[in-house]
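# Remarks on the overall topology
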Amino acid sequence: KAGVTQTPRYLIKTRGQQVTLSCSPISGHRSVSWYQQTPGQGLQFLFEYFSETQRNKGNFPGRFSGRQFSNSRSEMNVSTLELGDSALYLCASSQPPGTADTQYFGPGTRLTVL
Amino acid sequence: EDQVTQSPEALRLQEGESSSLNCSYTVSGLRGLFWYRQDPGKGPEFLFTLYSAGEEKEKERLKATLTKKESFLHITAPKPEDSATYLCAVQSFGNEKLTFGTGTRLTIIP
């Protein structure tokens, strides 16, 4: 059974640009959550999608947005990038939604903002 | 607001030297406390879920315990392959979002 995949694995952008990250969940999983991981703050919850609808949202500015497609694949977008957005962005899938102990993480996308 | 604090930030042990990692938490009502292992360049890997004070879970050289204020991850006779960052997270009733600590980076020296 294939795991959670994230693309791209590494990304370098400059301030002011925007970026789109992609996540493909485990087959059969319809819930996708996104997290930001930084050395100082640890993992912080961004949002969760289930059946193309946002179920939960963390405390991030509106520059961070996401969506989910009918095949459960999800994308997150960050507009007007800031230096502080440099982080590892992790995606996790689960089924059913909200069940942390059946949540599987992808390898992450390392975003560097210059 | 849920809060999680992990200590120490980093721990270096000799192979075979047992120790414990601490996770202190504050929640309005604990739904579950979760331990994860994260290797460099990878996403967190689920280890244990603990639901109520007094509960214990074991897996190989790891044992997780839970009280009303904290959880411990005990590692017995560790091996170099146990080197990783160990993360603790909580989920409270009425709030499905996981709140993570910043982790303990464990290094086992052969």
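Just so it is clear, the structure is predicted and the values come from calculations on it, not from any experiment. Per chain, the residues get numbers from 1 upward, laid out in the order the sequence is written. Chains and ligands are labelled sequentially in the order written, the chains with letters from A and the ligands with numbers from 1. Two thresholds apply to this predicted model, a pLDDT of at least 70 for residue-level local features and 80 or more for giving and counting side-chain atom pairs, whereas whole-chain, interface and lining totals are computed over all residues. Side-chain descriptors were evaluated using all non-hydrogen atoms of the structure, hydrogens and water having been removed beforehand.

## Structural notes on the overall build of chain A
A tally of regular secondary structure across chain A gives zero helices and eleven strands. Secondary structure counts use DSSP, requiring at least four H or I residues in a row for a helix and at least two E residues in a row for a strand, with both numbered from the N terminus. Starting at the N terminus, the α and β elements of chain A follow one another as β-β-β-β-β-β-β-β-β-β-β. Relative to its length of 114 residues, chain A is compact, with a C-alpha radius of gyration of 13 Å against a globular reference of 13 Å. Counting only C-alpha atoms, chain A reaches 35 × 25 × 25 Å along its principal axes. Taking contacts inside chain A between residues at least 6 apart in sequence as the whole, the part at least 24 apart equals 55%. The distance from the centre of the 11 positive side-chain charges to the centre of the 6 negative ones in chain A is 5 Å. The reference for a compact globule is 2.2 Å times residues^0.38; the radius of gyration itself is calculated from the C-alpha atoms. In what follows, residue pairs with any heavy atoms lying within 4.5 Å of each other are defined as contacts. In this count, Lys and Arg are taken as positive residues and Asp and Glu as negative ones, while His and the chain termini are left out. Working definition for charges: the position is that of NZ of Lys, CZ of Arg, CG of Asp or CD of Glu.

## Some words on the sheet that holds strand β7 (residues 64-68) of chain A
Residue and element names in this part refer to chain A. Any two strands with at least two DSSP bridges between them are considered paired. Taken in spatial order, the four strands line up as β1-β3-β8-β7 in an open sheet, and their pairing is antiparallel. A single partner strand is all that each edge strand has here, and the edge strands are β1 (5-7) and β7. Shown here is a sheet whose adjacent strand axes are inclined to one another by a mean of 20°, direction ignored. With three bridges connecting them, β1 and strand β3 (residues 19-24) associate as antiparallel partners. Within β3, the position partnered with Thr7 by the bridge is Ser22. As a rule, the C-alpha atoms of each element are fitted with a line to give its axis, helices using only the stretch in contact, and angles between N-to-C directions run from 0 to 180 degrees.

## Thoughts on the environment of Gln103(A)
Mapped onto the fold, Gln103(A) is located in the loop between β9 (87-94) and β10 (104-105). Separated by 19 residues in the primary sequence, Gln103(A) and Gly84(A) place their C-alpha atoms 27 Å from one another. Residues within four places of Gln103(A) in sequence aside, it is in contact with Ser33(A), Tyr35(A), Ala92(A), Ser93(A), Ser94(A), Tyr36(B) and Leu98(B). In protein, a polar contact means a hydrogen-donor-capable atom and an acceptor-capable atom, both N or O and within 3.5 Å, with residues adjacent in sequence counting only if both atoms are side-chain atoms; elsewhere, any N or O pair within 3.5 Å suffices. At 3.4 Å, the side chain of Gln103(A) forms a polar contact with the side chain of Tyr35(A).

## Regarding the sheet that holds strand β6 (residues 56-59) of chain B
All names here are of chain B. Across the sheet, which stays open at both edges, the five strands sit in the order β1-β3-β8-β7-β6 with antiparallel pairing between neighbours. Where the open sheet ends on each side, the last strands, each with one partner, are β1 (3-7) and β6. Within the sheet, the average angular offset between the axes of one strand and its neighbour, ignoring direction, is 15°. Pairing of strand β7 (residues 62-66) with strand β8 (residues 70-75) involves five bridges; the strand directions are antiparallel. In the sheet register, Leu62 faces β8, and the bridge partner there is Ile75.

## Describing the packing of aromatic side chains
Two aromatic rings from Phe, Tyr or Trp, using only the six-membered ring of Trp, form a pair when their centres are within 6.5 Å; if the ring planes differ by under 30 degrees the pair is stacked, by over 60 it is edge-to-face, and anything between is tilted. Under the definition given, this model contains nine aromatic pairs over all chains. Where Phe105(A) meets Phe100(B), the ring centres are 6.5 Å apart and the plane angle is 80°; that geometry is what we call edge-to-face. Note that Phe105(A) is positioned in strand β10 and Phe100(B) in strand β10 (residues 95-100), a pairing that runs across two chains. Just as Phe105(A) is buried, Phe100(B) falls in that class too. Burial here depends on accessible area, computed with a 1.4 Å probe over protein chains only, as a share of the maximum for the residue type. Under 20% is buried, over 50% is exposed, and the range in between is partly exposed.

## Description of unusual backbone geometry
With an omega of -10°, the peptide bond running from Thr7(A) to Pro8(A) counts as cis. Cis geometry marks the peptide bond from Ser7(B) to Pro8(B), where omega comes out at -10°. Locating Pro8(B) in the fold gives a position in the loop between β1 and β2 (10-14). Phi at Ser72(A) is positive, roughly 80°, even though this residue is not glycine.

## Concerning the side chain of His29(A)
All names here are of chain A. The topology assignment puts His29 in the loop between β3 and β4 (31-38). His29 gets classed as buried once you look at its relative accessible area, which sits at 9%. Here the side chain of His29 touches Ser93 through a polar contact of 2.8 Å, side chain to side chain. Discounting residues that sit within four places of it in the chain, His29 has contacts with Ser72, Ser93, Ser94, Gln95, Thr102 and Tyr104.

## Describing the state of the cysteines
Residue and element names in this part refer to chain A. Cysteine sulfur pairs qualify as disulfides if the two atoms are within 2.5 Å. This structure, assessed with the given rule, holds two disulfides over all chains. Shown here is the disulfide that connects Cys23 with Cys91, its sulfur atoms set 1.7 Å apart. Taking the sign of the S-S torsion, about -40° here, the bridge from Cys23 to Cys91 comes out left-handed. Of the two residues, Cys23 is situated in strand β3 and Cys91 in strand β9; the sequence distance between them amounts to 68 residues. Judged by its relative accessible area of 0%, Cys23 falls in the buried class.

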